[in-house]
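Each chain, written out:
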Number of protein chains: 2
Amino acid sequence: MPVSSAIIPVILSGGAGTRLWPMSRPERPKQFLALTAAETMLQLTARRAAGDGFAAPIVVANAAHADAVAEQLSAIGSAPQAIILEPMGRNTAPAIALAAIAAGGGDAPLLVMPSDHVIHDLDAFRAAIDRALPLVEDGWMVTFGIAPDAPETGYGWIKVGAPLTEGVHRVDRFVEKPPLDAAQAMLASGDHAWNGGIFLFRADRFLGAIGRFVPAMLDAAQSAMDRAQRDGNCIRPDADAFAASPSDSIDYAVMERDDRVAVAPVAMGWSDVGSWDALHAISDRDDAHNATGGDVTLLDATGCLVRSDGVRVAMVGVSDLIVVASGNDVLILPRGRSQEVKRLLDAMKGN
Amino acid sequence: MPVSSAIIPVILSGGAGTRLWPMSRPERPKQFLALTAAETMLQLTARRAAGDGFAAPIVVANAAHADAVAEQLSAIGSAPQAIILEPMGRNTAPAIALAAIAAGGGDAPLLVMPSDHVIHDLDAFRAAIDRALPLVEDGWMVTFGIAPDAPETGYGWIKVGAPLTEGVHRVDRFVEKPPLDAAQAMLASGDHAWNGGIFLFRADRFLGAIGRFVPAMLDAAQSAMDRAQRDGNCIRPDADAFAASPSDSIDYAVMERDDRVAVAPVAMGWSDVGSWDALHAISDRDDAHNATGGDVTLLDATGCLVRSDGVRVAMVGVSDLIVVASGNDVLILPRGRSQEVKRLLDAMKGN
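Nothing here was measured: the structure is a model prediction, and the numbers come from that model.

Student: Residue-level account of the interface of chain B and chain A, with values.
Tutor: Every contact between the two is made by 29 residues of chain B and, on the other side, 29 residues of chain A. In this assembly, chain B packs against chain A so that about 2700 Å² is buried in total across both faces, 63% of it on carbon and sulfur atoms. It is R312, V316 and I332 of chain B that lose the most area in chain B upon contact with chain A, and together they represent 24% of the buried surface on that side. Taken together, the links from chain B to chain A amount to six salt bridges. The interface formed by chain B and chain A contains 16 residue pairs in polar contact (both at pLDDT 80 or more). If you list the elements that add at least two residues to the side of chain B that touches chain A, you get β15 (296–299), β17 (312–316), β18 (321–326), β19 (329–334) and α11 (341–348) of chain B. Broken down by element, the side of chain B that touches chain A gets its largest block of residues, six residues, from β19 of chain B.

Spelled out as C-alpha cells, the structure:
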C-alpha cells in the first residue's frame, strides 16, 4: 500500500433503531445482537477491519452502551485505541469529527463503518479499499457504492460518474431517499449505486471539509474533545460543548457538498439488515426456505423467519411468516410487511 | 319437580388433554382455565347446576389437582359435598361409580357433567333436565343429545329413536367416533345427535347397571370407597382397590348395553371446546372476526384467535391464524389445523 500510515477503522455504534424490534431495543440495539452469525454485528464489523494495514479501531457509541461495546470487543480480542461515548446523538457528521480528532487529525486514513451492516465478501471489501487508497492519500473522500437490486426508497443513491482510476469513479450526484418512481428509474439505469454508508478519507481532509462547510460543527466537536473526560481508552466528550453542534449526516454535511468525492463500486454481499425481511433474505435457510434461530419447532412450514431468544416457538402449516420472540414480546407478520414494525409499535403505545 | 330429592351434580374433572396446548397442560388442564369467560370452565360447570333443585355437587378429580379444584370452587362460593380424588384415571364409568357411591347409592338423580364443556343457553339446559326428570325417576338413564352441525369423527353419535315423552326419545343406537362418510350420512339424516357426555340417572340405577354389566368395576369402586381416606369433604379412594377396576367409558360400559336409555335432544349452545378452532368459533369476535385474550395488539388482522397469558403479542397483516402464548411456549398455526397440536407436541419431543 502506498499510504504512509495504517488505516484507522472508525466504527459508528450510534444506531438505536426500532426496525428489528422486539430483538432490537433502545437498550440493546441491532449492532449488539448476533443476527447473522454467532458473533454480534459490532464484533463482525471490528473483525472486518483488523490485521495487516489496520490500526486499532476508534468506536463512537452512545454513552448508555459503554459496557456493551467494551465487553463485546474485548470478547474478540479487539483493543480499541479509543471508545468515544457521545453524551447525545448528533447524527454521523459530528460523530466522525470526534473520531477524526481522536485519531490526531493527521493524514491517517479513516475507514468509517456503521456497526450494524453485513458484508459477506470480505475479500471484495478489502480489494475495494485497496483500489480507493491512492486517491484517498491524494485527498479524495471515497464512499463505497453497492450495486442495487431493488428500488429502495429508504437508501441514499449515487449516480456513478467518470472513472478516476481503475474501479473508482467520480460521484456525479447524490440522491437521498428517492420516491419510488425515481428509485425504479435509477435501478433501471444501471449507472447508480446505493450509498453503503462506508467511507474512506484522511482525518485531516474530513476535518477540513467540516470546518469549511459547517464550522460550528467542527468548533463544537473540537471543544467537546478539548474538555473531554478520559479514562483509559474511554473518552467522554463534554456534553455542553457537543450539544452545541448542529445535527447532520455525513452525506448532507460533507459528501454532497465537497467536489473531490469518489465512489468505489463494490459487490461484496452487503446488507444493512434494515428489516426482518432483509434478515430472512441473507440468512441461511432450510430446504423449505425457513430461517430459524433459537428454540423453534416447525412442521409443514415454508418461507418463514422464526427467531426466539427465550420462549419456545412451535408452528405448523404456515407459510411466509415472520415470527420474532424476544423478552416479553412476540412479533408476527407476513414476509414483505416488516417495514410495518414501527406502525405496530405506535399502535402498542396507544396511538 | 316431581322427584323426591334434589339433583346431585357430579362434575368430572379427570381430563388432562393436550388439545389446547400450550394453555392446557397436565398440571393445569382445560377445566381450570378461563377460556370462554372470566371464570374457569370448572367454575362455569359448577354454576350451571346450582340453586333451586340442586344439591351440593360431587367432584371427581385427579389427585394432582386437589388444590385447584378446592380453590376454584371456593372462589365462587360452591361447597362440594365431596371431592373425590382419583388415585389414577380409570375413565368415566368407574369415576361415576365412585360418585354414585359417595352420593349414598339411593334414588337421588345424578347429573353427570364433564367439567370442561361450554353451554351458552342455560335455560335450554335446565328445561331439558326438567323434561328428562320424570323418566329418570322412573329408572331411565338419560343422555343429552346435541344437534350436530358438522360431520365430527371424534364424537359419539346417537340415533334418536321413538319419543318416550315430549322431548325425550329412546336411543336407537350409539355410534362411537364414526368414519367421516358415516358421520356425513348421520349429519345428513337429521335424526342423529351428538352424545354430549352429560347424563342424568338415579345413583342406584347406575350402580345397578354397572354391577350387571361390569361387576368387577362395581366391586373395585365399592372397595376403594370402603377403604377411602376421608378428610373433611375430601375423599381419597384406596389406590390398590381402585387400580383393580377395568378402565372404561360410561358409554361403552353402560349406556350402549342398557335397554332403558333415553336421549333428550337439546339446542343449548354446547361445545366441548375440543380445539383452538372450536374456541375461536364460540368466542366473542371483533368486526374483523378476531378473538383475543391477554396483551394482544392487532393491525390489519382478520379471522385470528390470539391468546396470551404472559408475553405481549403484536401482529400486523395476518389472516386466519391461531396464536397461543402461554408460559414459555408460543403456538402458531392456521385456523382449521388446530387438530395438529398433538403432532407438533410429538415433534417437539424429538419424534
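Student: An account of the relation of the copies chain B and chain A is needed here, citing residue identities and associated values.
Tutor: The two copies are related by a screw motion: chain B maps onto chain A through a turn of 179 degrees and a shift of 0.1 Å along the axis, at an RMSD of 0.1 Å. Accordingly, the operation relating the two chain copies is best matched by a two-fold axis. No C-alpha of chain B lies nearer the rotation axis than that of V330 of chain B, which sits 4.3 Å from it. Both copies present the same face, since 100% of the interface residues in chain B are matched by interface residues at the equivalent positions in chain A.

Student: Which residues make up the sheet that holds strand β19 (residues 329–334) of chain A, and what are the values?
Tutor: Strand order across the open sheet formed by six strands is β14(A)-β16(A)-β18(A)-β19(A)-β17(B)-β15(B), with mixed pairing between neighbours. Edge positions in the open sheet fall to β14 (291–293) of chain A together with β15 of chain B, since each of these has one partner strand only. Each strand of the sheet is rotated relative to its neighbour by a mean of 5 degrees, with strand direction disregarded. Of the strand pairs in this sheet, β15 of chain B and β17 of chain B are connected by four bridges, and their pairing is parallel. When the sheet's bridge partners are listed, L299 of chain B is paired in β17 of chain B with V316 of chain B.

Student: Please provide a residue-by-residue account of the environment of G208 of chain B, values included.
Tutor: Along the chain, G208 of chain B turns up in helix α6 (residues 203–213). Sequence-wise, G208 of chain B and G105 of chain B are 103 residues apart; in three dimensions their C-alpha atoms are separated by 9.5 Å.

Student: Go over the sheet that holds strand β17 (residues 312–316) of chain A, please, and point to the residues and values.
Tutor: With respect to topology, six strands assemble into an open sheet ordered β15(A)-β17(A)-β19(B)-β18(B)-β16(B)-β14(B), the strand pairing being mixed. Two strands lie at the open edges of the sheet, namely β15 (296–299) of chain A together with β14 (291–293) of chain B, each paired on one side alone. Between one strand axis and the next, the sheet turns by 5 degrees as a mean value, whatever way the strands run. As judged from the four bridges shared by β17 of chain A and β19 of chain B, these two strands associate in the parallel manner. Residue pairing for β19 of chain B: A314 of chain A is matched across the bridge by L331 of chain B.

Student: Please set out the pairing of strand β1 (residues 8–13) of chain A residue by residue, giving values where relevant.
Tutor: Residue and element names in this part refer to chain A. For β1, the buried fraction is high: six of the six residues fall into the buried class. As paired elements, β1 and strand β4 (residues 109–114) share five bridges and run parallel to each other. For P9, the partnering residue across the bridge sits in β4 and is L111. Pairing of β1 with strand β2 (residues 58–62), which is carried by four bridges, proceeds in the parallel orientation. Bridge assignment links L12 to a residue of β2, and that residue is V60.

Student: Can you lay out the packing of aromatic side chains for me, pointing to particular residues and giving the numbers?
Tutor: All names here are of chain B. Counted by the stated rule, this structure contains 14 aromatic pairs over all chains. Considering the side-chain rings of F125 and F144, the 5.9 Å spacing of their centres and the 70 degrees angle between planes classify their relative orientation as edge-to-face. Here F144 lies in strand β6 (residues 141–146) and F125 lies in helix α4 (residues 122–137), a separation of 19 residues in the sequence. With a relative accessible area of 0%, F125 lands in the buried category. Of the residues examined, F144 reaches a relative accessible area of 1% and is grouped as buried.

Student: An account of the nonpolar core is needed here, citing residue identities and associated values.
Tutor: All names here are of chain B. Within the largest apolar cluster, 47 residues are counted, with the highest numbers of intra-cluster contacts made by I84, L110, F201, F206 and V254. When residues of this core are assigned to their parent elements, the largest contribution, eight residues, is made by helix α3 (residues 92–102). The contacts of I84, once residues within four sequence positions are left out, are I58, V59, V60, A61, L98, A99, A102, M225, I235 and P237.

Student: Which residues make up helix α2 (residues 66–75) of chain A, and what values go with them?
Tutor: Residue and element names in this part refer to chain A. What α2 keeps buried is the set A66, V69, Q72 and L73. For α2, the buried positions fall inside an angular range of 150 degrees around the axis, keeping them on one side. More than 90 degrees from the buried face of α2, the exposed residues found are D67, E71, S74 and A75. Turning to α2, the residues buried within the fold contact β1, α1 (41–48), β2, β3 (82–86) and β11 (234–236). Immediately beyond the C-terminal end of α2, within one or two residues, lies G77, with a positive phi of roughly 75 degrees.

Student: Got a sec to walk through the packing of α3 of chain B against α6 of chain B? Specific residues and values, please.
Tutor: Residues and elements named next belong to chain B. Contact geometry of α3 with α6 gives a least axis separation of 9 Å together with a crossing angle of 135 degrees. Of the possible angle classes, the one that applies to α3 and α6 is oblique. Handedness of the crossing formed by α3 with α6: left-handed. Touching A93, I96, A97, A100 and I101 of α3 are A203, F206, L207 and I210, all from α6. Of the residues contributing to the contact of α3 with α6, the split by class is nine nonpolar, no polar and no charged.

Student: Tell me what's going on with the side chain of D238 of chain A, and back it up with residues and numbers.
Tutor: Mapped onto the fold, D238 of chain A is located in the loop between β11 and α8 (239–243). A distance of 3.4 Å separates the side chain of D238 of chain A from the backbone nitrogen of D240 of chain A, its partner in a polar contact.

Student: Before we move on, can you summarise the side chain of S245 of chain B with the specific residues and values?
Tutor: Residue position: S245 of chain B is located in the loop between α8 (239–243) and α9 (250–255). If we ignore the near neighbours within four places in the chain, the residues touching S245 of chain B are R90, P94, M217 and A220 of chain B.

Student: Got a sec to walk through α1 of chain A? Specific residues and values, please.
Tutor: Residues and elements named next belong to chain A. Extensive coverage of α1 is indicated by the burial of six of its eight residues. Every buried residue of α1 is accounted for by M41, L42, Q43, T45, A46 and R48. Where α1 is buried, its residues meet β1, α2, β4, β5 (118–119) and α4 (122–137).

Procedures and definitions
- Residues numbered from 1 in each chain as written.
- Chains lettered and ligands numbered in written order.
- Predicted model: local features only at pLDDT ≥ 70, side-chain atom pairs only at ≥ 80, totals over all residues.
- Heavy atoms only, no water.
- Contact = heavy atoms within 4.5 Å.
- Buried area = accessible area lost by both parts, 1.4 Å probe.
- Salt bridge = Lys/Arg side-chain N within 4 Å of Asp/Glu carboxyl O.
- Polar contact = N/O pair within 3.5 Å; in protein donor to acceptor, adjacent residues only side chain to side chain.
- Helix = DSSP H or I, 4+ residues; strand = E, 2+ residues; numbered from the N terminus.
- Least-squares fit on C-alpha atoms with pLDDT ≥ 70 in both.
- Pairing = 2+ DSSP bridges.
- Axes fitted to C-alpha atoms, helices over the stretch in contact; angles between N-to-C directions.
- Buried < 20%, exposed > 50% of the residue type's maximum accessible area, 1.4 Å probe, protein only.
- Phe/Tyr/Trp six-rings, centres within 6.5 Å; stacked < 30°, edge-to-face > 60°.
- Core = buried A, V, L, I, M, F, W, Y, C linked by side-chain atoms within 4.5 Å.
- Arc of directions from axis to C-beta.
- Parallel < 35°, antiparallel > 145°, perpendicular 65-115°, else oblique.
- Left-handed = near helix turned anticlockwise from the far one by under 90°.
- Nonpolar A, V, L, I, M, F, W, Y, C, P; charged D, E, K, R; others polar.

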